[in-house]
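Each chain, letter by letter, is given below.
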Amino acid sequence: MNIALFTDCYLPSKNGVVTVVNQLYESLKKLGHHVVIVTVKSDTPYDDNNPDIFRVPSTKAGLGMKDQFLGFPILTSVSRFLKKNKVQLIHVHSEFSIGIHSFHEARKVKVPVICTTHTMWEDYYEFYLPGGKFIPVEVIRKTMRLFYKNFDALINVSTKAHEYFKKDFMVPEIPSAVIPNAINPKNYCTTPSTPEEVKELRDSLGVKENEVMLTFVGRVVEEKRVFELIDIVEGVIKKCSTAKVVFVGDGPALKHAKTLVEAKKIDKNVVFTGFINWENVHRYYEAGDIYISASLSEMHSMTVLEAMTSGLPIVVRKDSSYFDTVIPGYNGFLSDTDESMTDDLITLVNDSEMRKRYGENSRKHSVNYLPETFAKRHEAFYQTVLANWKYKQEITDEKLAEAVEKASAKRD
């Protein structure tokens, strides 16, 4: 197949969508497919000689979105690129200018167009749009519906995403199936830390050998519920003197988070690393003992996949975005409330055997999210869309789900 991936963010920018798009590009090519990418130009030239990548003129997005750009697609040049590469299907990964442009291109070159629902914007818009806190959620829902109703099919990254987009105010009429995100251990961690390097990092963070390191990785922002997470770990620290909490990442809420920790007088047990280069992030998982997050705004958490790959037990607030990755009693806890999350963490901090068992199970379970399986699921989805679109047959949830399921072989 000849597939075009449309995205408003790509390398050298770093975020979850970029990771997914790059994994899809690489893993589909390994299956023998021809894959091209239509994306934006960035400030830093990257892979400019790759004939598979077509970059359109762009400008900085602003709106608090670092390293994000708004593209200005030129219809004729994009169309020529798609025709030259004999594209059979367009797969969209963003809701901005490149994503919107995909509809026009699909009609022009007469191919189906599908989209992956990476983000539930009603959980994010008030933090990024000017005056967002004053915009009614109904406006965002109507805007998103106007966008998503243009697609022939949707790929949802989790049960949560699937259920949300089937609600009456979204696009229940658009056929869809669930394909969870993937992680490539070789890209995520090129050189695992040695025991000596793990000790050195823990020492630098002030974590002693007998202490239990609770690790959060991600943007330090309100929508990740970092302030609530600080409240949660406060209760753990008060009951477990050996608990140390490390927040790995930067964000607009970092200063406030530090102030809150100091006000609670738990600053001796809580460390904020600030920004860490992506290629070094794996070292903080490897140095940790438990992965934690209180976020309820995830679609399908890449950091949870990274923590699983690193062999960490997981404790998160119960949310359907985690239902396939965090299995209670097997590799972690899905805590019903913030208070119960405190209790679950205390249980795990005090039980080294449980931590070891859950961590081993996380590593075993992570093989279900390898790029090869990810690519095969997409391949089956694409083939179903193309076959039904070609013969003008109805594309249904059942057909898509059946195709994805056949391509999904559980490994643990």
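All values reported here derive from a predicted model rather than from experimental measurement.

Asker: Mind showing me how you'd approach the nonpolar core here?
Answerer: Across soluble globular proteins, nonpolar side chains show a tendency to be buried alongside one another. Grouped together as the largest cluster of nonpolar side chains are 95 residues, with contacts concentrated most on Ile 292 and Phe 381. When residues of this core are assigned to their parent elements, the largest contribution, 8 residues, is made by helix α9 (residues 226-239). Once residues lying within four places of it in the same chain are set aside, the contact partners of Ile 292 are Leu 214, Thr 215, Phe 216, Leu 229, Val 233, Val 245, Val 315, Met 341 and Leu 345. Ala 4, Phe 81, Val 87 and Tyr 125 belong to the second-largest nonpolar core, a separate cluster that totals 38 residues.

Asker: Even after reading the chapter, I still don't get the pattern of salt bridges, so can you show me in this structure?
Answerer: Two side chains with opposite charge may pair up if their charged atoms get near one another. Tallying each qualifying case throughout the model produces 19 salt bridges. Between Asp 52 and Lys 29 there is a salt bridge; the shortest N-O distance is 3.1 Å. Note that Asp 52 is positioned in the loop between β2 (34-40) and β3 (53-56) and Lys 29 in helix α1 (residues 16-30), a separation of 23 residues in sequence. On the accessibility criterion, Asp 52 (11% relative accessible area) is buried. Classification of Lys 29 by relative accessible area gives partly exposed; the value is 37%. Note that Arg 317 and Asp 338 form a salt bridge whose closest N and O atoms lie 2.7 Å from each other. Pair noted here: Arg 317 is in strand β14 (residues 314-317) and Asp 338 is in helix α13 (residues 338-349), with a separation of 21 residues, a long-range link. Using a relative accessible area of 17% as the deciding quantity, one classes Asp 338 as buried.

Asker: Help me out: how do you make sense of the side chain of Thr 384 in this one?
Answerer: Note that Thr 384 resides in helix α15 (residues 371-390). Other than its neighbours up to four places away in sequence, Thr 384 contacts Lys 399, Leu 400 and Ala 403.

Asker: So what exactly am I meant to see when it comes to the environment of Ile 155 here?
Answerer: Relative to the assigned elements, Ile 155 resides in strand β8 (residues 153-156). A residue is classified by how much of its surface remains accessible, and Ile 155, at 0% relative accessible area, is buried. Separated by 45 residues in the primary sequence, Ile 155 and Glu 200 place their C-alpha atoms 42 Å from one another.

Asker: Any chance you could explain the pairing of β2 here in plain terms?
Answerer: A regular strand carries its side chains on alternate faces of the sheet. By the criterion of burial, β2 is predominantly enclosed, with 6 of the 7 residues buried. Sheet topology note: the strand β1 (residues 2-6)/β2 ladder contains 5 bridges and is parallel. What sits directly across from Ile 3, in β2, is Val 35. One crossover worth recording links β1 to the parallel β2 by way of α1, and it is right-handed. Where β2 lies against β3, 4 bridges are found, and the strand directions are parallel. Looking across to β3, one finds that Val 40 is bridged to Val 56.

Asker: Could you clarify how one ought to interpret helix α3 (residues 97-109) in this entry?
Answerer: Each α-helix winds once per 3.6 residues, and so residues spaced three or four apart point in a common direction. Between its first and last C-alpha atoms α3 spans 18 Å; for 13 residues at 1.5 Å apiece the expected length is 18 Å, and the two agree. Within α3, the axis deviates most sharply at Phe 103, by approximately 25°. Those residues of α3 that sit buried are Ile 98, Gly 99, His 101, Ser 102, Phe 103, Glu 105, Ala 106 and Val 109. Of the residues one or two after α3, Lys 110 is the one with positive phi, at around 60°.

Asker: Please clarify how the sheet that holds strand β9 (residues 176-178) should be interpreted in this entry.
Answerer: Strand pairing in a sheet relies on backbone hydrogen bonds, with the paired strands running either antiparallel or parallel. Overall, parallel pairing links the 7 strands, which are arranged β3-β2-β1-β6-β7-β8-β9 in an open sheet. The outermost strands of the open sheet, each flanked by one partner alone, are β3 and β9. Taken pair by pair, the neighbouring strands of this sheet meet at an average axis angle of 20°, ignoring direction. Of the pairings in the sheet, the one linking strand β7 (residues 113-117) to β8 comprises 4 bridges and is parallel in character. Pairing of Thr 117 across the sheet is with Asn 156, part of β8.

Asker: Teacher, can you tell me more about the packing of α13 against helix α14 (residues 352-365) here?
Answerer: For any two helices packed against each other, the geometry is given by the interaxial angle and the distance between the axes. Put simply, α13 and α14 touch, their axes get as near as 6 Å, and they point 100° apart. For the element pair α13 / α14, the angle class is roughly perpendicular. Here Thr 347, Leu 348 and Val 349 of α13 lie close against α14, whose contacting residues are Met 354, Arg 355 and Tyr 358. Of the residues assigned to the contact of α13 with α14, the class counts are 4 nonpolar, 1 polar and 1 charged.

Asker: Mind showing me how you'd approach the sheet that holds strand β11 (residues 243-248) here?
Answerer: The 6 strands lie next to each other as β12-β11-β10-β13-β14-β15, forming an open sheet whose pairing is parallel. Each end of this open sheet is capped by a strand with a single partner; those strands are β12 (270-272) and β15 (332-335). Along the sheet, successive strands turn relative to each other by an average axial angle of 20°, direction set aside. Packing against the sheet, helix α11 (residues 278-287) makes contact with β10 (212-217), β11 and β13 (290-293), and its axis sits at approximately 145° to β10.

Rules used throughout
- Residues numbered from 1 in each chain as written.
- Predicted model: local features only at pLDDT ≥ 70, side-chain atom pairs only at ≥ 80, totals over all residues.
- Heavy atoms only, no water.
- Core = buried A, V, L, I, M, F, W, Y, C linked by side-chain atoms within 4.5 Å.
- Buried < 20%, exposed > 50% of the residue type's maximum accessible area, 1.4 Å probe, protein only.
- Helix = DSSP H or I, 4+ residues; strand = E, 2+ residues; numbered from the N terminus.
- Contact = heavy atoms within 4.5 Å.
- Salt bridge = Lys/Arg side-chain N within 4 Å of Asp/Glu carboxyl O.
- Pairing = 2+ DSSP bridges.
- Right-handed = clockwise from strand over helix to strand, strands pointing away.
- Expected span 1.5 Å × (residues − 1).
- Bend = angle between axes of the 7 residues up to and from the residue.
- Axes fitted to C-alpha atoms, helices over the stretch in contact; angles between N-to-C directions.
- Parallel < 35°, antiparallel > 145°, perpendicular 65-115°, else oblique.
- Nonpolar A, V, L, I, M, F, W, Y, C, P; charged D, E, K, R; others polar.

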